[in-house]
Amino acid sequence: MTWQEKLTDTRKGLRTLNTAIPETARAFGSLGETVKKSGTLDYKTKEFIALGMSIAIRCEPCITLHTEALAKSGASREEVSDVLSMAIQMGGGPSMMYAAKALECFDELLV
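Please read all numbers here as calculations on a predicted model, not as lab measurements.

How each quantity is defined
Residues numbered from 1 in each chain as written. Predicted model: local features only at pLDDT ≥ 70, side-chain atom pairs only at ≥ 80, totals over all residues. Heavy atoms only, no water. Helix = DSSP H or I, 4+ residues; strand = E, 2+ residues; numbered from the N terminus. Salt bridge = Lys/Arg side-chain N within 4 Å of Asp/Glu carboxyl O. Buried < 20%, exposed > 50% of the residue type's maximum accessible area, 1.4 Å probe, protein only. Expected span 1.5 Å × (residues − 1). Bend = angle between axes of the 7 residues up to and from the residue. Contact = heavy atoms within 4.5 Å. Disulfide = S-S within 2.5 Å. Patch = residues over 30% accessible without salt bridge, like charges linked within 9 Å, V, L, I, M, F, W, Y side chains within 5 Å. Areas by Shrake-Rupley, 256 points an atom, 1.4 Å probe, with all protein chains shown as cover.

A. Summary view of unusual backbone geometry. A positive phi angle, close to 65°, is found at Arg58, a residue other than glycine. With respect to the helices and strands, Arg58 occurs in the loop between helix H3 (43–56) and helix H4 (60–72).

In structure tokens, the structure reads:
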């Protein structure tokens with residue numbers, strides 16, 4: 001399965017969940033919008049943090065969503081790679097495995 005297919009499946013699953021729990025979904029969506037728009041860090045920096053955390057907690061669907069956001073926001077492969085290094089330092093061997101997945105995903109979605 002390609003990363004694009006995984007991204008499509010993730011979105012499909014989220015739409016199903018959002019239908020089942022619409023108020024919670026709206027509240028969570030509002031939280032996401034608020035934290036990305038406010039504060040002193042720019043959007044791309046916040047997405048770098050989210051990607052690093054996604055790797056450290058081993059959330060593959062999160063990796064796909066935040067990697068796509070970074071690819072669309074103009075992040076470079078070098079910037080993403082630097083985030084992957086930090087995530088590996090913080091999360092050890094398991095993070096190294098998920099960092100490899102994140103780089104593969106970024107390379108595919110960057111096109």
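B. Main features of the pattern of salt bridges. All chains considered together, the criterion is met by seven salt bridges. The shortest N-O distance in the salt bridge between Lys6 and Glu60 comes to 3.0 Å. Here Lys6, found in helix H1 (residues 3–20), pairs with Glu60, found in helix H4; they are 54 residues apart in sequence, far enough to count as distant. Between Lys36 and Glu47 there is a salt bridge whose closest N-O contact spans 3.0 Å. Here Lys36, found in helix H2 (residues 22–37), pairs with Glu47, found in helix H3; they are eleven residues apart in sequence, far enough to count as distant. Exposure remark for Lys36: the relative accessible area of 32% places this residue in the partly exposed category. Taking the relative accessible area as the measure of exposure, Glu47 reaches 1% and is therefore buried.

C. Highlighting helix H5 (residues 77–109). With 33 residues, H5 extends just 11 Å between its outermost C-alpha atoms, more than 12% less than the 48 Å of an ideal straight helix rising 1.5 Å per residue. Where H5 bends most, the angle comes to about 145°, and this point is Gly92, followed within four residues by the proline Pro94. For H5, every residue scored as buried is listed here: Val80, Val83, Leu84, Ala87, Ser95, Ala99, Ala102, Leu103, Cys105, Phe106 and Leu109. Elements in contact with the buried residues of H5: H1, H3 and H4.

D. Just H3, in detail. Taking 1.5 Å of rise per residue, the 14 residues of H3 would be expected to cover 20 Å, and the 20 Å separating its terminal C-alpha atoms lies within 8% of that figure. Of all the positions in H3, only Lys46, Glu47, Phe48, Ala50, Leu51, Gly52, Ser54 and Ile55 are classed as buried. Here the buried face of H3 lies against H2, H4 and H5. Looking one or two places after H3, you find Arg58, whose phi comes out positive at around 65°.

E. Summary view of the state of the cysteines. Following the criterion strictly, the structure yields one disulfide and no others. Two residues share a disulfide in this structure: Cys59 and Cys62, whose sulfurs sit 2.3 Å from each other. Judged by the sign of its S-S torsion, about 65°, the cystine formed by Cys59 and Cys62 is right-handed. Its relative accessible area of 26% is what places Cys62 among the partly exposed residues. Sulfur of Cys105: no disulfide; nearest cysteine sulfur belongs to Cys62 and is 12 Å away.

F. Seen up close, a nonpolar patch on the surface. Taken together, the side chains of Leu14, Leu17 and Ile21 define a hydrophobic patch exposed on the protein surface, amounting to about 220 Å² of accessible area. Mapped onto the elements of the fold, Ile21 is located in the loop between H1 and H2. According to the relative accessible area criterion, Ile21 is partly exposed, its value standing at 34%.

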